[in-house]
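Geometric and topological summary
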Amino acid sequence: MKITYDWLKDHLKTSAKEDKLIDKLTDIGLEVESKENLSEGLDLFKVAKIIKTEKHPNADRLKVCDVDIGKKNIKKVVCGAANARKGLITVYAPPGAIIPKNKTKLVVAKIRDVVSHGMLCSESELNLSNESEGITELSSQKYAKKIGKSFFSKSSSNLIDLSITPNRPDCLGIRGIARDLSAAGFGSLKLLKDKKIKSNIKQTLKVKILKEKNQGCLSFGSCLITNVKNKESPQWLKEKLISIGQKPISAIVDITNYVMIDINRPLHAYDADKIDKGIIVRNSKLGEEFTALDNKNYKLEDGMCVISDNKGVLGLGGIIGGTRSGTELDTKNVLLESAYFDPISIRKTAKKLNIDTDAKFRFERGIDQLSIEDGLNKAALLIKEICGGEFSKIDIQKIETYKNKIIKFEPKIFEKITGFKISTKEMINILDKLGFKLKKEKKFFNLSVPSWRPDIVQEIDIVEELVRITGYEKIKIENPIKGRLKNTLNQPQKLFHFLQRAVASKGYLEAITWSFTDAKYNDHFKEAKKEIKIINPISSELGVLRNSIFSNLIMYVRKNLDRGIKDLSIFEIGPIFYGSQPGDQSTIVCGLSAGKKSRFSWIEKDRNIDVFDIKRDVIQTLVEAGYDSEKFYLDNESPSYYHPGKSGRIFLNKGKDKVVAYFGEIHPNIIKKLDIKTESLVGFEILMDNLKLPKKPLKDQKTKYLVSDFQKSERDFAFIVDKKIKVQELVKVISSIDKNLISNIKVFDVYEGDNIPDNQKSIAISVTIQSLEKTLTDNDLEKINNLIIQTVENKTGAKIRS
Amino acid sequence: MSDIKNIKDQFILKLKNNLSIDEINEIKTELFGKNGLISSKFKTIGSISETDRKKFASDLNLAKDELQNLITYKINEIDGKKINEKLEKEKVDITLPERPFVRGKVHPVSQTIDEISSIFSEIGFSVEEGPDVENEYNNFTALNTPDNHPARDMHDTFYLDEKKEVLLRTHTSPVQIRTMLKDKPPFKIIAPGRTYRSDSDQTHAPMFHQVEGLHIDTNINMGHLKGCLNYFIKEFFEVERIKMRFRPSHFPFTEPSAEVDIGYELKDGKIIIGEGDKWLEILGCGMVHPNVLKNVKVDPSRYQGYAFGIGIDRLAMLKYGINDLRAFFDSDYRWLNHFGFDPHDVPSNYRGLSR
């Protein structure tokens with residue numbers, strides 16, 4: 001909502017400075033978004049007279065004009081306007097001036113080799129009207145003696161742009177803002193001079209509101225003004241509209257706009273001669289069409305509130321009028337409409353047709369139902385004053401009568417909510433100035449809510465009015481009490497934070513990417529999951545919810561590789577989605593690592609990052625998070641986006657649990673398709689929701705401290721086994737022989753090739769044998785040694801290598 | 001007797017020469033070998049007269065010890081010299097780079113969430129969460145934002161179905177609804193998380209982060225709201241003095257509602273919080289609307305309290321001098337490295353929020 005202090009003073013008696021006004025507006029909830037001096041630089045625009053024109057030597061359509069800008073100063077200006085002629089008084093803008101319409105700053109320019117000192121302006125360029133044909137023509141009668149003077153009259157009032165919250169339709173009118181200010185003690189509200197239409201003429205255009213289901217129009221007031229002469233608005237009206245950044249059009253249109261802004265009463269003016277017989281307000285029928293004042297053709301659906309005549313739709317009530325019945329400069333008879341439309345009906349229609357107008361913006365927030373007559377009176381009187389003619393009596397049709405809302409308000413509730421007190425006297429004063437009618441009962445007030453406040457429906461709304469006007473700075477600070485009744489984080493939240501920092505500590509940079517992604521990328525990683533489309537995505541590249549974090553992460557890895565970063569590890573912890581219902585999501589820690597280890601190191605040989613690097617990162621993270629790696633079970637059934645031979649999945653326990661992680665090289669086909677240029681790309685996903693949470697807190701998880709100081713013995717074994725046998729099985733077999741004696745099983749060599757039969761491999765394992773109870777004798781050791789060999793041979797078909 | 005002294009003196013003199021390790025070993029054999037000069041002497045002890053024997057033995061032992069010590073000393077001296085000579089050759093250029101290491105970082109938004117949680121933890125808030133996909137009821141209707149209400153225009157919403165019943169939450173406020181439906185009052189929670197609006201330019205991203213706060217009890221008023229936010233802002237920005245302004249605003253789910261600005265000034269293009277006379281809007285808040293309480297079956301005549309919503313990304317930008325919101329989600333390795341935090345830098349109350 002754009003206002004000026006000058007306009008505000010039409011309704012508010014005050015002598016306070018503008019700075020104070022700005023602060024006060026914000027203090028009472030009418031936030032000042034910006035303050036702009038519209039007239040700054042406008043004094044540069046001068047009234048000037050063309051004293052000579054010549055054809056431009058190098059261009060047929062251009063003229064070179066000698067322009068008298070006063071004080072015997074003649075400037076040469078190149079001009080393309082057809083109406084530029086000797087003797088014309090017009091508006092001259094010198095170099096340095098900023099053209100109001102497009103905000104460009106003029107400079108001395110050479111136009112086809114002729115230097116032009118400034119410009120002659122059209123009305124459109126000066127934001128005076130839409131007239132862009134030719135330069136402004138000023139009447140020589142009025143302006144002959146003003147050559148050299150500033151064209152714009154000086155206005156000191158700034159343009160103040162307010163951000164009005166959607167609950168305050170009343171402040172979409174200057175008077176509403178003035179009322180709020182007066183309640184807050186900033187000036188006093190001027191009484192409106194009760195000027196009413198006096199007429200004996202009947203309104204002869206019949207208006208009928210059809211009583212239909214969901215009729216969007218509840219009342220329709222009208223006034224017929226005959227024999228008017230529509231024209232340019234008088235200076236005061238033009239200046240008023242220009243002062244808030246609006247463009248004057250014609251007197252009738254300007255008057256309706258002025259009334260709308262002044263008292264938030266939208267009106268519509270029809271050319272009465274273009275209405276066939278009478279007006280019918282009704283629901284539209286599917287397929288009806290009309291051309292609106294925005295020059296677009298709208299196809300209507302069933303049930304939209306339309307103003308129509310015998311021929312069809314004239315306009316959408318409260319939203320936009322039609323071209324068929326619009327007023328023009330030659331309009332003779334005007335029908336003024338001042339109606340009340342239901343906010344929900346307005347909103348539905350405007351949304352469906354995607355129309356946004358000043359009227360719609362106001363009606364959908366709720367217009368004062370009792371302002372119908374005020375609006376007609378004010379506008380009709382102005383039309384008669386400016387355009388002449390005769391007005392009829394006001395005609396009002398309605399299908400519903402407005403009822404005052406009554407609220408019971410207990411004053412003590414104010415302190416309960418705000419924590420501070422104000423006197424009942426103060427309360428009454430504020431409410432009275434805001435327009436409430438108040439009846440004091442014993443313990444409460446009976447409040448009648450003003451008709452312009454649709455937002456006020458219950459007690460708490462009254463508290464808000466009172467505290468808002470009193471000032472939020474009066475609220476006393478109650479310092480918080482330190483202390484905690486409940487843990488800040490629950491176990492999954494603790495795990496989340498732990499995993500986040502554990503993965504980061506392995507050299508990964510944490511990224512946060514969108515929860516949505518490009519379906520093209522997502523397709524590579526979604527597996528059997530359902531694609532979840534966003535109906536109205538910001539762009540097609542962000543059209544689906546991600547089924548995997550890889551969909552985004554891999555794209556950013558590629559971007560970084562393209563930036564020339566060769567070795568990088570990034571991860572994200574966040575949601576992936578498997579359905580479109582709330583809760584169909586799970587938390588994943590997902591990482592990608594690309595390139596080499598030890599690139600350009602003088603001391604270590606570089607090598608590609610491999611699956612065992614990423615396996616270490618995953619296992620170490622899980623171990624750090626408190627899971628026992630000795631119980632982990634791995635197999636290689638990983639999703640299809642991993643390299644089928646160089647990837648795996650991890651379970652916390654064999655058989656019983658859900659998968660907790662996948663890891664491996666990314667499938668070479670995907671790397672190729674996505675055109676990722678790197679030596680190696682490996683990734684992992686930890687499925688946080690599948691990680692079982694410990695039942696006991698950490699303090700109770702520590703087992704008894706048991707170590708042996710008896711001599712330990714390290715034995716090495718080399719087994720030849722079938723290639724299909726996994727090291728994991730071999731280690732499990734050995735470790736389960738005797739948990740008390742055998743520990744620290746290490747695989748220190750794996751070999752295939754010469755001296756080993758095809759389809760077999762050699763695995764060398766070191767085992768630590770130590771007793772908690774005694775020093776083992778050679779005999780004991782030999783026994784356990786043999787037991788290990790026998791058991792491994794029996795259970796896996798391995799042969800000890802001799 | 002003088003014989004022992006002679007031997008001793010003679011060999012001490014000999015050992016004073018610059019000898020090689022072999023020469024010293026030769027001397028050692030000459031003295032202490034099987035038939036060495038000293039060894040032979042010990043064999044004669046038995047034949048010494050009883051009166052002289054004690055002294056003889058004592059002199060002999062002293063001579064032995066002295067010579068042995070001297071030999072050990074000489075050997076150590078030569079060994080030491082050898083090692084030093086060897087080490088002299090082993091010098092490396094210690095300014096060569098260490099073996100390569102990698103360093104990960106935590107995203108500034110994550111760090112900020114941890115800082116926020118840490119501050120609210122101190123005054124008794126616990127952390128709640130809710131899903132990113134919400135139904136229309138929890139995101140709007142239950143929060144007193146009925147269908148076809150212009151307040152919905154303040155949220156450009158992403159929808160997942162044509163009927164507009166399922167959406168990406170536009171704020172963290174639906175967590176209020178979930179929390180209050182799930183438990184019984186009092187409530188004292190914060191809910192950080194991802195939020196979504198179909199809005200995208202330099203200062204808006206289609207996804208951003210908010211933290212919701214909710215405190216409901218029998219006697220919580222606007223003074224408590226002011227106190228809580230005043231405390232939070234001071235702690236978060238780690239400044240002694242903060243200028244804060246509550247100004248009336250409107251949110252359908254709170255009444256009365258406020259927006260909070262903090263004072264700042266620009267110094268060399270950087271925002272300095274707490275000083276100066278410019279205002280920066282950082283959050284919205286208010287007393288939970290009685291309609292909202294009714295919707296979650298909490299009796300508004302018994303319980304009341306406040307709620308707030310803060311933009312986390314914006315807080316991080318202000319605190320850590322980050323200019324461009326879009327960069328948060330662009331995963332530029334250089335940016336993540338520059339603005340990220342060491343994973344060991346866990347915000348905590350006892351050591352201060354940030355280093």
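Residues numbered from 1 in each chain as written. Chains lettered and ligands numbered in written order. Predicted model: local features only at pLDDT ≥ 70, side-chain atom pairs only at ≥ 80, totals over all residues.

**Considering the overall build of chain B**
Formally: The helix and strand labels rest on DSSP assignments: H or I over at least four residues marks a helix, E over at least two residues marks a strand, and numbering proceeds from the N terminus. In this description the radius of gyration comes from C-alpha coordinates, and the expected globular size is given by 2.2 Å times residues to the power 0.38. It is the C-beta atoms, placed from the backbone, that decide contacts: two residues are in contact if theirs lie within 7 Å.
The helix and strand inventory of chain B stands at 11 helices and 10 strands. Taking 355 residues into account, the globule formula puts the C-alpha radius of gyration at 20 Å, and chain B, at 42 Å, lies well above it. Seen along its three principal axes, the alpha-carbon backbone of chain B occupies a region of about 130 × 45 × 45 Å. Within chain B, contacts between residues at least 6 apart in sequence are counted, and of these 67% link residues at least 24 apart.

**Remarks on the overall build of chain A**
Put simply, the rule is: Residue burial is a threshold on neighbouring C-beta atoms within 10 Å of the residue's own C-beta, all placed from the backbone, with 20 or more meaning buried, 12 or fewer meaning exposed, and counts in between meaning partly exposed.
A tally of helices and strands in chain A yields 20 helices and 43 strands. Taken over C-alpha atoms, the radius of gyration comes to 41 Å for chain A, far larger than the 28 Å a tight globule of 802 residues would show. Reported as C-alpha extents along the three principal axes, the dimensions of chain A are approximately 130 × 90 × 55 Å. Scored against the burial criterion, the 802 residues of chain A give a buried share of 39%. Taking the intrachain contacts of chain A between residues at least 6 apart in sequence as the baseline, contacts between residues at least 24 apart amount to 69%.

**Here we look at the sheet that holds strand 20 (residues 312-316) of chain A**
To keep it simple, the criterion reads: Note on pairing: DSSP must find at least two bridges between two strands before they are called paired.
With mixed pairing, the 5 strands of this open sheet are ordered in space as 13-16-19-20-21 (chain A). Strand pairing shows two members of the sheet lacking a second neighbour, strand 13 (207-209) and strand 21 (320-321) of chain A, which therefore form its edges.

**Details of the domain arrangement of chain B**
Short version of the rule: Domain delimitation in this document rests on an assignment produced automatically or drawn from a domain database.
Partitioning chain B into structural domains gives domain 1 (2-89) and domain 2 (109-334). Here domain 1 of chain B and domain 2 of chain B have C-alpha centroids that lie 90 Å from each other.

**Notes on unusual backbone geometry**
Each neighbour pair has its own omega, and for Pro-185 of chain B with Pro-186 of chain B the value is 0°, a cis peptide bond. Secondary-structure assignment places Pro-186 of chain B in the loop between helix 7 (174-182) and strand 4 (187-196). Phi at Ser-598 of chain A takes a positive value of approximately 55°, unusual for a residue other than glycine. Backbone geometry places Asn-744 of chain A, a non-glycine residue, at a positive phi of 55°.

**Notes on helix 5 (residues 108-122) of chain B**
Residue and element names in this part refer to chain B. Quick note on the threshold: Multiply 1.5 Å by the residue count of a helix minus one, and that product is the helix's expected span.
Helix length check: helix 5, at 15 residues, gives a terminal C-alpha distance of 21 Å against a target of 21 Å (1.5 Å per residue), a fit within 8%. Within helix 5, 12 of the 15 residues are buried, leaving the element largely enclosed by the surrounding structure. Every buried residue of helix 5 is listed here: Pro-108, Val-109, Ser-110, Gln-111, Thr-112, Ile-113, Asp-114, Glu-115, Ile-116, Ser-117, Ile-119 and Phe-120. Phi turns positive, to about 90°, at Gly-124, one or two residues after helix 5.

**What to know about the sheet that holds strand 11 (residues 159-163) of chain A**
Residues and elements named next belong to chain A. Going by this rule: For every element, the axis is a line fit to its C-alpha atoms; helices are fit only across the contacting stretch, and the angle between N-to-C directions ranges from 0 to 180 degrees.
Spatial ordering of the open sheet is given by 1-11-3, a layout of 3 strands whose pairing is antiparallel. Single-partner strands in this sheet number two, and they are strand 1 (2-4) and strand 3 (31-36). On average, each strand axis in the sheet is inclined to that of its neighbour by 30°, with strand direction left out of account. Both strand 3 and strand 11 contribute to a ladder of 5 bridges, which runs antiparallel.

**Here's the deal with the pairing of strand 40 (residues 713-722) of chain A**
All names here are of chain A. Note that strand 40 and strand 42 (residues 760-769) share 10 bridges and pair antiparallel. Each residue of the ladder has a partner; that of Ala-718, found in strand 42, is Ala-764. Inspection of the sheet shows strand 40 paired to strand 43 (residues 799-800) by 2 bridges, in the antiparallel sense. Residue pairing for strand 43: Phe-719 is matched across the bridge by Ile-800.

**Overview of the domain arrangement of chain A**
Along its sequence, chain A is carved into domain 1 (2-39 + 156-189), domain 2 (42-146), domain 3 (207-398), domain 4 (406-471), domain 5 (491-690) and domain 6 (708-800). For domain 1 of chain A and domain 2 of chain A, the distance between their C-alpha centres works out to 37 Å.

**Observations regarding the interface of chain B and chain A**
To be explicit about the condition: Under the convention adopted here, Pro, Cys and the residues Ala, Val, Leu, Ile, Met, Phe, Trp and Tyr are nonpolar, Asp, Glu, Lys and Arg are charged, and Gly plus all remaining residues are polar.
The interface of chain B with chain A comprises 70 residues on the first partner and 80 residues on the second. The class makeup of the residues in the side of chain B that touches chain A is 33 nonpolar, 23 polar and 14 charged.

**Structural notes on the pairing of strand 39 (residues 681-687) of chain A**
Residues and elements named next belong to chain A. Counting buried positions along strand 39 gives 6 out of 7 residues, so the element sits mostly inside the fold. Taken together, the 7 bridges between strand 33 (residues 585-594) and strand 39 define a ladder with antiparallel strand orientation. When the sheet's bridge partners are listed, Ser-593 is paired in strand 39 with Val-682. Examined bridge by bridge, strand 38 (residues 659-666) and strand 39 share 5 bridges and lie antiparallel to one another. Residue Glu-665 lies in a different strand from strand 39, and its bridge partner there is Val-682.

**A word on the nonpolar core**
All names here are of chain A. We apply this condition: We define a nonpolar core as a collection of buried residues of the types Ala, Val, Leu, Ile, Met, Phe, Trp, Tyr and Cys that are connected via C-beta atoms lying within 7 Å of each other.
Grouped together as the largest cluster of nonpolar side chains are 221 residues, with contacts concentrated most on Val-334, Leu-336, Ile-383, Leu-553 and Ile-570. When residues no more than four places from it in sequence are discounted, the contact partners of Leu-553 are Ala-511, Thr-513, Ile-570, Glu-572, Cys-590 and Leu-592. Counting 26 residues, the second-largest nonpolar core is a separate cluster that includes Val-47, Ile-50, Val-67 and Ile-89.

**Concerning the packing of helix 5 of chain B against helix 8 (residues 222-237) of chain B**
When two helices pack together, their arrangement is captured by the angle between the axes and the distance separating the axes. Residues and elements named next belong to chain B. To be explicit about the condition: Should an angle fall under 35 degrees it is taken as roughly parallel, and over 145 as roughly antiparallel, whereas 65 to 115 is taken as roughly perpendicular and any remaining angle as oblique. Two helices cross in a left-handed way if the nearer one is turned anticlockwise from the farther one by less than a right angle. They cross in a right-handed way if the turn is clockwise.
The N-to-C vectors of helix 5 and helix 8 enclose an angle of 135°; their axes lie 10 Å apart at closest approach. Looking at the two axes, helix 5 sits oblique to helix 8. The two elements helix 5 and helix 8 cross, and the hand of that crossing is right-handed. Counting all contacts with helix 5, which are made through Glu-115, Ile-116, Ile-119 and Phe-120, the residues of helix 8 involved are Phe-232, Glu-235 and Phe-236. A breakdown of the residues in the contact of helix 5 with helix 8 according to their chemical character gives 5 nonpolar, no polar and 2 charged.

**A few points about the environment of Arg-365 of chain A**
Mapped onto the elements of the fold, Arg-365 of chain A is located in the loop between helix 8 (358-363) and helix 9 (372-387). Separated by 95 residues in sequence, Arg-365 of chain A and Tyr-270 of chain A have C-alpha atoms that sit 24 Å apart.

**Side note on the packing of helix 3 (residues 37-44) of chain B against helix 4 (residues 50-89) of chain B**
Residues and elements named next belong to chain B. Direction vectors running N to C along helix 3 and helix 4 enclose 160°, while the axes themselves pass 11 Å from each other. For the element pair helix 3 / helix 4, the angle class is roughly antiparallel. As helix 3 runs across helix 4, the sense of the crossing is left-handed. Only Leu-60, Ala-63, Lys-64 and Leu-67 of helix 4 make contact with helix 3, whose side of the interface consists of Ile-38, Lys-41 and Phe-42. Counted by class, the contact of helix 3 with helix 4 contains 5 nonpolar, no polar and 2 charged residues.

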